[in-house]
Amino acid sequence: MFEPTIIIAAASLLGLIVVAGAMLRGWREWLELKRSELQRDSAPREEGSPFGAARIEIADLKERIRKLEAIASGVDL
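Conventions used here
- Within any chain, residue numbers begin from 1 and follow the written order of that chain's sequence.
- In keeping with the model being predicted, local features are shown solely for residues with a pLDDT of at least 70 and side-chain atom pairs are shown and tallied solely at 80 or more, while totals for entire chains, interfaces and linings include all residues.
- Hydrogen atoms and water are omitted, and side-chain values are computed over all heavy atoms in the structure.
- Helix numbers and strand numbers start at the N terminus; a helix is a DSSP run of H or I with at least 4 residues, a strand a run of E with at least 2.
- For every residue, the accessible area (1.4 Å probe, protein chains only) is compared with the maximum for its type, and the residue is labelled buried under 20%, exposed over 50%, or partly exposed between those bounds.
- Here the open area of atoms and residues is found with the Shrake-Rupley method and a 1.4 Å probe, where only the protein chains shown may cover a residue.
- To pair, rings of Phe, Tyr and Trp, with the six-membered ring standing in for Trp, must have centres within 6.5 Å; the planes then decide the type, stacked if under 30 degrees apart, edge-to-face if over 60, and tilted in the middle.
- Exposure above 30% relative accessible area and the absence of a salt bridge qualify a residue for a patch, where like charges join within 9 Å and nonpolar side chains (Val, Leu, Ile, Met, Phe, Trp, Tyr) within 5 Å.
- Salt bridge criterion: a side-chain nitrogen from Lys or Arg within 4 Å of a carboxyl oxygen from Asp or Glu.

Right, let's get into the overall build of the protein. Tallying secondary structure elements over the protein gives two helices and zero strands in all. Burial statistics for the protein: of 77 residues in total, 1% are counted as buried. Accessible area for the protein stands at about 7,500 Å²; split by element, carbon and sulfur atoms hold 66% of it.

What follows is the structure, encoded as C-alpha cells:
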C-alpha cells in the first residue's frame, strides 16, 4: 500500500519534530532557570554591603598581579 521510502521519510520527519520540540522545551526551561538566578542574585542581601565584597575581590586581584609581576621579573616571594 505505502512505499517503504515514504514510511521512512515520515518516521524521520516525526522523529525530527519530537527532538526539536524536546530541545525547544529544554532551552526555554534553561532560560527560565537563568532568569531566576539573575533575579535571585540581584535581590538585596541582608548580610552586608556588596561594596565590601568588591573591595576584597579587588585586593585579591591586586595581590595576584603583584605575585605575577614578581614571577615575571624573577624575584622569589
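From this point on, the discussion continues.
Now for the packing of aromatic side chains. For the structure shown, the criterion picks out one aromatic pair. Aromatic side chains Trp 27 and Trp 30 sit 5.4 Å apart centroid to centroid with 25° between the ring planes, which places their arrangement in the stacked category. With Trp 27 and Trp 30 both in helix α1 (residues 4-42) and three residues apart, this pair spans about one turn of that helix.

With that settled, consider a nonpolar patch on the surface. There is a patch of nonpolar side chains on the surface, built from Leu 24, Trp 27, Trp 30 and Leu 33 and spanning about 430 Å² of accessible area. According to the relative accessible area criterion, Trp 30 is partly exposed, its value standing at 42%.

So, on to the pattern of salt bridges. One pass over the structure, following the stated rule, counts five salt bridges. Note that Arg 35 is salt-bridged to Glu 32, the shortest N-O span being 3.7 Å. Here Glu 32 and Arg 35 lie together in helix α1, a separation of three residues that amounts to about one turn. Glu 32 sits in the partly exposed class, given a relative accessible area of 47%.

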